[in-house]
Amino acid sequence: MNPPQDRVKSNADRAKPESLRELFVFFSLLALQGFGGIVAFIERGLVVQKKWMTREEFLEDWAVARTMPGPPAINMSIVIGARHFGVIGSIVSVAGMFLVPTGVVLILAVLYAQFNDQPQVVDALRGMGSVAAGLIIATGLRLLTALRSNVMGVTVCAILALASFVLVALLEWRVMYVLLLLGITACGYAYWCIQTRERSA
Amino acid sequence: MGTLSIAMSWDDWLTLIQNFLLLSAVAMGGPLVLLPEMRHLLVDTHGWLTDDQMSASVVIAQAAPGPNVLFVALLGWNVGLNNGSYGWAFFGAAALMIAMLLPSSLMVFSTARWIHKNGHKPGVRAFKQGMSPIVVALLIASGWTLANTGTSSLGDWPFWLVTAVTVGLVLWGKIHMFWLLAIGAFLGATGLLSVA
């Protein structure tokens with residue numbers, strides 16, 4: 001992990017949204033592509049396509065977006081909007097996420113009332129669900145690489161990640177308990193690591 | 001799916017909106033987690049929605065592009081339809097969606113701003129660094145859960161294969177994610193995945 005001064009410098013010449021319009025269009029397109037989970041598209045859009053942030057920075061912001069109440073993807077758009085344009089940026093980002101998709105979903109609701117007994121419709125949705133699951137898993141695996149620079153070290157990160165996955169996916173614990181139990185432990189340990197490193201530096 | 005006919009007073013709407021404002025503030029990990037509470041409120045306690053309308057709202061929002069939280073708009077939409085008109089449906093959709101987003105968004109906005117300002121403090125860095133491996137695992141876990149939804153028997157292996165191939169193509173391929181979804185829909189619709 002870079003010391004803070006370096007990060008400030010690298011932030012200055014990083015690509016960023018030029019206008020509210022660009023922000024709105026970006027999030028509208030994301031939302032319209034995002035079936036079954038926008039997170040896969042957000043990560044790709046922000047880190048790979050727009051290069052508004054590094055994968056490490058994305059993960060740090062995602063940690064905030066994911067631990068606060070509300071849908072993580074929407075929270076992420078609020079964080080990004082606020083960073084570049086303040087309150088207006090957040091409002092524009094959320095509007096981008098919702099304006100067009102709300103229209104689409106209402107149209108689908110009216111259509112669904114007529115076609116919900118068609119097996120093809122049900123099977124097509126299942127097929128898309130399986131792909132969406134793959135998109136989300138792949139995004140998670142890609143984000144694992146951003147843990148290499150984590151202050152806690154690769155081994156501890158791997159143990160924490162594995163334990164969280166087993167508890168939530170396999171043992172079906174409530175996410176809230178995992179965040180409390182492992183989250184507080186991890187933050188405490190990370191704090192200790194940061195202090196130790198700064199003392200030895 | 002709208003067979004219910006109800007007449008809601010302004011007090012009823014107010015109760016409904018208040019409840020969703022509260023739910024928003026406690027919606028850790030996304031609103032889908034609160035589905036049981038919403039069902040209790042809308043179906044059991046007040047009878048503003050049918051069970052079928054409840055599940056259809058979730059299914060449609062997940063099938064549609066856009067944030068899954070739009071199922072809340074559909075809940076409001078259906079309550080409005082039950083209340084007699086498309087006008088009420090639009091009102092219900094807007095009211096519930098805004099109620100569901102406003103408190104959590106305000107909390108996120110102020111927290112994000114504070115964290116950004118204090119990003120250099122050891123406590124803030126410890127929070128971000130400590131939470132990182134856990135939230136990544138939660139992401140993979142939610143993909144895992146989604147892959148499991150509707151694939152209950154071993155005969156559903158083609159759906160698992162689609163998920164696995166998707167992971168491989170995203171990580172090592174160049175194909176755009178949107179096309180992967182389209183292919184998934186096509187394979188599903190043609191019945192190729194339902195071999196068992």
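Computed from a predicted structure; not experimentally measured.

### Section: the domain arrangement of chain B
Point 1. Domain parsing of chain B yields domain 1 (10-115) and domain 2 (122-189).
Point 2. Summarising the inter-unit geometry, the C-alpha centres of domain 1 of chain B and domain 2 of chain B are found 26 Å apart.

### Notes on the nonpolar core
Within soluble globular proteins, side chains that are nonpolar tend to cluster in buried spots.
Point 1. In this structure, Leu74, Leu96 and Ile134 of chain B are the most contacted members of the largest nonpolar core, which totals 126 residues.
Point 2. When residues in this core are grouped by element, the largest group, 14 residues, is from helix 5 (residues 72-115) of chain A.
Point 3. If sequence neighbours within four positions are ignored, leucine 96 of chain B has contacts with Phe20, Val72, Ala73, Leu75 and Gly76 of chain B.

### With respect to the packing of helix 8 (residues 175-200) of chain A against helix 6 (residues 122-148) of chain B
Point 1. Viewed as axis vectors pointing N to C, helix 8 of chain A and helix 6 of chain B meet at an angle of 135°, and their least axial separation amounts to 7 Å. Looking at the two axes, helix 8 of chain A sits oblique to helix 6 of chain B. For the element pair helix 8 of chain A and helix 6 of chain B, the recorded crossing hand is right-handed. For the pair helix 8 of chain A and helix 6 of chain B, contact is made by Val175, Val178, Leu179, Leu182, Gly183, Ala186, Cys187, Tyr189, Ala190, Tyr191, Ile194 and Gln195 of chain A and by Pro122, Gly123, Arg125, Ala126, Phe127, Gln129, Gly130, Met131, Pro133, Ile134 and Leu138 of chain B, respectively.
Point 2. Across the contact of helix 8 of chain A with helix 6 of chain B, the residue classes tally to 17 nonpolar, five polar and one charged.

### Let's talk about the interface of chain B and chain A
Size of an interface: often given as the accessible area lost when the parts come together.
Point 1. Tallying the contact residues gives 83 residues for chain B and 91 residues for chain A.
Point 2. For the side of chain B that touches chain A, the elements supplying multiple residues, two or more each, are helix 1 (10-25), helix 3 (51-63), helix 4 (71-82), helix 5 (86-117), helix 6, helix 7 (157-172) and helix 8 (177-189) of chain B.
Point 3. The element best represented in the side of chain B that touches chain A is helix 6 of chain B, accounting for 25 residues.

Rules used throughout
Residues numbered from 1 in each chain as written. Chains lettered and ligands numbered in written order. Predicted model: local features only at pLDDT ≥ 70, side-chain atom pairs only at ≥ 80, totals over all residues. Domains from an automatic or database assignment. Core = buried A, V, L, I, M, F, W, Y, C linked by C-beta atoms within 7 Å. Buried ≥ 20, exposed ≤ 12 C-beta atoms within 10 Å, placed from the backbone. Helix = DSSP H or I, 4+ residues; strand = E, 2+ residues; numbered from the N terminus. Contact = placed C-beta atoms within 7 Å. Axes fitted to C-alpha atoms, helices over the stretch in contact; angles between N-to-C directions. Parallel < 35°, antiparallel > 145°, perpendicular 65-115°, else oblique. Left-handed = near helix turned anticlockwise from the far one by under 90°. Nonpolar A, V, L, I, M, F, W, Y, C, P; charged D, E, K, R; others polar.

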